[in-house]
Amino acid sequence: MKFMIINRSRGASYGDGDLDHSKHGQVVMENALAKGHIEACYVLLSGGHIIIAECENTAELAKLVRINPLFKASDTEIIPIEDASKFLNAYHAGAEHFTGKEHLPG
């Protein structure tokens, strides 16, 4: 499943705050992109970043989230996402099953 992982800065300083530290972070991010560990990474101008990644299980997701060197200085939100076209195709194919009432007692 695909996830949007939002890391918002808590305002705490992390690392040295110098160019070498920033360049190292860029190398780590670009390596993760090149290896396919993440699909995309965006920076939040207000502080923080968004990662788009596909994970096969919760262990893979937890590893990706918690291994982030900025994890301790961020508030992290994980949102499952799906390609809109794929979702709409599934919805149109079985719209009667998307009532929200499937689990109510009869």
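Everything below is about the structure shown above.
Okay, so let's go over this structure. Predicted model, so just to flag it, every value in this text is computed and none were measured.

## Regarding the overall build of the chain
Here is step 1 of the chain: When helices and strands are counted, the chain shows three helices and four strands.
Here is step 2 of the chain: Mapped from its N terminus to its C terminus, the chain presents α and β elements in the order β-α-β-β-α-β-α.
Here is step 3 of the chain: Residue burial in the chain is summarised as follows: out of 106 residues, 21% are buried.
Here is step 4 of the chain: Nonlocal contacts in the chain, meaning residues at least 24 apart in sequence, comprise 64% of its contacts between residues at least 6 apart.
Here is step 5 of the chain: Carbon and sulfur atoms make up 57% of the accessible area of the chain, which totals about 8,100 Å².

## Brief notes about the nonpolar core
Here is step 1 of the chain: Core analysis: the biggest nonpolar cluster contains ten residues, these being Phe 3, Ile 5, Ala 32, Ile 38, Ile 51, Ala 53, Cys 55, Leu 61, Leu 64 and Val 65.
Here is step 2 of the chain: Elements that contribute at least two residues to this core include exactly strand S1 (2-9), strand S3 (48-54) and helix H2 (58-66).
Here is step 3 of the chain: At three residues, H2 tops the list of elements feeding residues into this core.
Here is step 4 of the chain: If we skip the residues at most four places from it in the chain, Leu 61 touches Phe 3, Ile 5, Cys 55 and Ile 78.
Here is step 5 of the chain: Of all hydrophobic cores here, the second largest spans five residues; its members include Ile 6, Leu 44, Ile 50 and Ile 52.

## Regarding the packing of aromatic side chains
Here is step 1 of the chain: In total, this model carries one aromatic pair according to the counting rule given.
Here is step 2 of the chain: Where Phe 87 meets Tyr 91, the ring centres are 6.4 Å apart and the plane angle is 15°; that geometry is what we call stacked. Pair noted here: Phe 87 and Tyr 91 are both in helix H3 (residues 84-93), with a separation of four residues, about one helical turn.

## Some points on H3
Here is step 1 of the chain: Burial of H3 is sparse: only zero of the ten residues sit out of reach of the surface.
Here is step 2 of the chain: Regarding H3, its N-cap is Asp 83, as a side-chain oxygen of that residue lies 3.0 Å from the backbone nitrogen of Ser 85 further along.

## Some thoughts on the pairing of S1
Here is step 1 of the chain: Of the strand pairs in this sheet, S1 and S3 are connected by seven bridges, and their pairing is antiparallel. By the bridge assignment for S3, Met 4 is matched with Ile 52.
Here is step 2 of the chain: Two strands pair when backbone bridges link them, and S1 and strand S4 (residues 74-81) are joined in this way by eight bridges, in the antiparallel orientation. Looking across to S4, one finds that Asn 7 is bridged to Thr 76.

## Observations concerning the sheet that holds S4
Here is step 1 of the chain: With respect to topology, four strands assemble into an open sheet ordered S2-S3-S1-S4, the strand pairing being antiparallel. For this open sheet the edge positions go to strand S2 (40-43) and S4, each flanked by a neighbour on one side alone. Taking each pair of neighbouring strands and ignoring which way they run, the sheet shows an average axis angle of 15°.
Here is step 2 of the chain: In the packing of H2 onto the sheet, contacts are made with S1, S3 and S4, and the angle to S1 comes to roughly 25°.

Thresholds, definitions, all that
- Residues numbered from 1 in each chain as written.
- Predicted model: local features only at pLDDT ≥ 70, side-chain atom pairs only at ≥ 80, totals over all residues.
- Heavy atoms only, no water.
- Helix = DSSP H or I, 4+ residues; strand = E, 2+ residues; numbered from the N terminus.
- Buried < 20%, exposed > 50% of the residue type's maximum accessible area, 1.4 Å probe, protein only.
- Contact = heavy atoms within 4.5 Å.
- Areas by Shrake-Rupley, 256 points an atom, 1.4 Å probe, with all protein chains shown as cover.
- Core = buried A, V, L, I, M, F, W, Y, C linked by side-chain atoms within 4.5 Å.
- Phe/Tyr/Trp six-rings, centres within 6.5 Å; stacked < 30°, edge-to-face > 60°.
- Polar contact = N/O pair within 3.5 Å; in protein donor to acceptor, adjacent residues only side chain to side chain.
- Pairing = 2+ DSSP bridges.
- Axes fitted to C-alpha atoms, helices over the stretch in contact; angles between N-to-C directions.

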